[in-house]
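Observations on the three-dimensional arrangement
Read off the chains here:
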Amino acid sequence: PTVTSPCKILKCNSEFWAATSGSHHLGAEEAPEFCTALRAYAHCTRRTARTCRGDLAYHSAVHGIDDLMVQHNCSKDGPTSQPRLRTLPPGDSQERSDSPEICHYEKSFHKHSATPNYTHCGLFGDPHLRTFTDTFQTCKVQGAWPLIDNNYLNVQVTNTPVLPGSSATATSKLTIIFKSFQECVDQKVYQAEMDELPAAFVDGSKNGGDKHGANSLKITEKVSGQHIEIQAKYIGTTIVVRQVGRYLTFAVRMPEEVVNAVEDRDSQGLYLCLRGCPANQQIDFQAVRSAQATEGRARRKGPSLPAPPEAFTYETATAKCREKLPVEDLYFQSCVFDLLTTGDVNFMLAAYYAFEDVKMLHSNKDKLHLYERTRVLSPGNTAPTGTHPTLWVALLCLCWLCLL
């Protein structure tokens, strides 16, 4: 069984936020409803107390509830239903649109210069990594690993085994820390894990806090429990997090200036989106795929791996992936790889949505598809740069023989 945290504090936070609609400055007539939602929040935290003893978000929520109880003169006894309170009128601190210019990246840093260069990084599946330099890797990286670590934010993923006894892994937890930035945003933490994809930060808010430029950081729920988007305009960054099946995917669009904003450049070796996975954590994707094609099943991550599921043959996996990914690029190949390795059709959807995110986030539309350098492409596909010249010679000879 996949390892996951039994602590459900993120669910409690999300329910409280939904019940209060982000209201922080309540009129006297709304106080009873707020107290009702607060008691429901407290009840939720008590239910998960035993499994959350070591969780910082849990202890922060408990202390926050006590403070709010005192501030609003709420009784600990009373109804605990969760009515949705009225949203605040335009002009409230949660809906400000007059953020200072410094809280809009393009306006503040590039007012009199060319549009900044944007880069993309994505992580999906079992797991496959596309770095900021458009390098595509398949990795092991079991446990907690940093995806991004710069002066503005940190992103860490936790990958857990997909099958008992297997070193095949997928992302089961994601933590994003947005660091406090000038007059724009307070420090905010976003956490997601399997079956918990909140549409709010850990503290229940949906924006950057109480600073004047708070709305330069916002969370938007695209599909409940499946797809959220975080806009961090003050650093020109967009983050997309999805839950596909049981696991999470991550995609980001970020200016090169922000990508490279690291005080200690020696620490960049652990920054996966920039440097890629360590050599001892990488999998020879092409060699494994070749074995899959000839043997009809995945030979993955070492000789000690138990036999993978037999739900897909190489032919059926290829046909299934082609339904969503008609171009046989590395997203298509990763789909085939994952179906043979896991037998879980949701990994096909993870590859599909990962490519959809690339189409939305990548600034260079000519680099959407990635191909293996020595692969001969099927008709209609553009040959990748660096194709081995002997392949072209063989093709030309074959064409000449056909003409004869």
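Residues numbered from 1 in each chain as written. Predicted model: local features only at pLDDT ≥ 70, side-chain atom pairs only at ≥ 80, totals over all residues. Heavy atoms only, no water.

1. A short note on the nonpolar core
Our working definition: We call a set of buried Ala, Val, Leu, Ile, Met, Phe, Trp, Tyr and Cys residues a nonpolar core when their side-chain atoms join them within 4.5 Å. Any residue under 20% of the maximum accessible area for its type is buried, any over 50% is exposed, and the rest in between are partly exposed; the area is computed with a 1.4 Å probe on protein chains only. Here a strand is any run of E in DSSP of at least two residues, a helix any run of H or I of at least four, and the numbering for each starts at the N terminus. What makes two residues a contact is simply this: any of their non-hydrogen atoms within 4.5 Å.
Counting residues in hydrophobic clusters, the biggest one holds 46 residues, and the most contacted among them are Phe132, Leu147, Ile148, Ile176, Phe178, Tyr234 and Phe250. Of all the elements, strand β11 (residues 247-255) adds the most residues to this core, at four residues. Among all residues touching isoleucine 148, those that are not within four sequence positions of it are Phe132, Leu153, Asn154, Val155, Phe250, Val252, Met254, Tyr271 and Cys273.

2. Side note on the pairing of strand β10 (residues 237-244)
Put simply, the rule is: In this description, strands pair whenever DSSP reports at least two bridges between them.
Counting buried positions along β10 yields eight of eight residues, so the element is predominantly enclosed. One ladder, built from six bridges, connects strand β9 (residues 227-232) with β10; its direction is antiparallel. When the sheet's bridge partners are listed, histidine 227 is paired in β10 with arginine 242. Hairpin connection, β9 to β10: the antiparallel pair is bridged by four residues, and glycine 236 has positive phi, about 60 degrees. Judged from the seven bridges that link them, β10 and β11 form a sheet pairing that is antiparallel. Across the sheet, valine 241 pairs through a bridge with phenylalanine 250, a residue of β11.

3. Here we look at the state of the cysteines
A covalent bond between the sulfur atoms of two cysteines is referred to as a disulfide. Formally: Note on terminology: pairs of cysteine sulfur atoms within 2.5 Å are recorded as disulfides.
With the rule as written, the count across this model stands at six disulfides. Between the sulfur atoms of cysteine 35 and its disulfide partner cysteine 74 the distance amounts to 2.0 Å. Around the S-S axis, the bridge from cysteine 35 to cysteine 74 shows a dihedral of about -75 degrees and counts as left-handed. A residue pair is termed long-range when its members are at least 10 positions apart, and cysteine 35 in helix α2 (residues 31-47) and cysteine 74 in the loop between α3 (56-71) and α4 (105-109) qualify at 39 residues. According to the relative accessible area criterion, cysteine 35 is buried, its value standing at 7%. Residue classification places cysteine 74 among the buried positions, given a relative accessible area of 12%. Each sulfur of the disulfide joining cysteine 121 and cysteine 273 lies 2.0 Å from the other. On the sign convention where negative means left-handed, the S-S torsion of about -75 degrees between cysteine 121 and cysteine 273 marks this disulfide as left-handed. Of this pair, cysteine 121 sits in strand β1 (residues 118-124) while cysteine 273 is found in helix α6 (residues 272-275), placing the two residues 152 residues apart along the sequence. Looking at cysteine 121, the relative accessible area reads 0%, which means it is buried. With a relative accessible area of 0%, cysteine 273 lands in the buried category.

4. Thoughts on the pairing of strand β5 (residues 153-161)
Here strand β4 (residues 143-149) runs beside β5; their pairing, made up of six bridges, is antiparallel. When the sheet's bridge partners are listed, tryptophan 145 is paired in β5 with valine 157. The hairpin formed by β4 and β5 contains three residues between the paired strands. Relative to strand β6 (residues 169-178), β5 is paired through nine bridges, and the arrangement is antiparallel. The residue bridging threonine 160 from the neighbouring strand is alanine 170, located in β6.

5. With respect to the packing of aromatic side chains
Condition: Aromatic rings from Phe, Tyr and Trp, taking only the six-membered ring of Trp, are treated as a pair when their centres fall within 6.5 Å; an angle between ring planes under 30 degrees marks them as stacked, one over 60 as edge-to-face, and anything in between as tilted. Charge over a ring is defined by NZ of Lys or CZ of Arg lying within 6 Å of the ring centre and within 35 degrees of the ring normal.
Under the defined criterion, the tally for this structure stands at 10 aromatic pairs. Judged by centre distance (5.8 Å) and plane angle (65 degrees), the ring pair of tyrosine 152 and phenylalanine 181 falls under edge-to-face. Of the two residues, tyrosine 152 is situated in the loop between β4 and β5 and phenylalanine 181 in the loop between β6 and β7 (188-193); the sequence distance between them amounts to 29 residues. In this structure an aromatic cluster arises from ring pairing among Phe124, Phe136, Tyr331 and Phe355. One Lys or Arg, arginine 253, reaches over the ring of tyrosine 118 and ends 3.7 Å from the middle of that ring. In this arrangement the basic side chain of lysine 324 is found over the ring face of tyrosine 352, its NZ or CZ atom lying 4.6 Å from the centre.

6. Focus on the pattern of salt bridges
Condition: Only one rule defines a salt bridge in this text: a Lys or Arg side-chain nitrogen within 4 Å of an Asp or Glu carboxyl oxygen.
As enumerated under the stated definition, the model contains six salt bridges in all. One salt bridge in this structure joins aspartate 357 and arginine 242, with 2.8 Å as the shortest N-O distance. Pair noted here: aspartate 357 is in helix α10 (residues 346-361) and arginine 242 is in strand β10, with a separation of 115 residues, a long-range link. A relative accessible area of 2% means that aspartate 357 is categorised as buried. One salt bridge connects glutamate 323 with lysine 320, and the closest N-O pair in it is separated by 3.5 Å.

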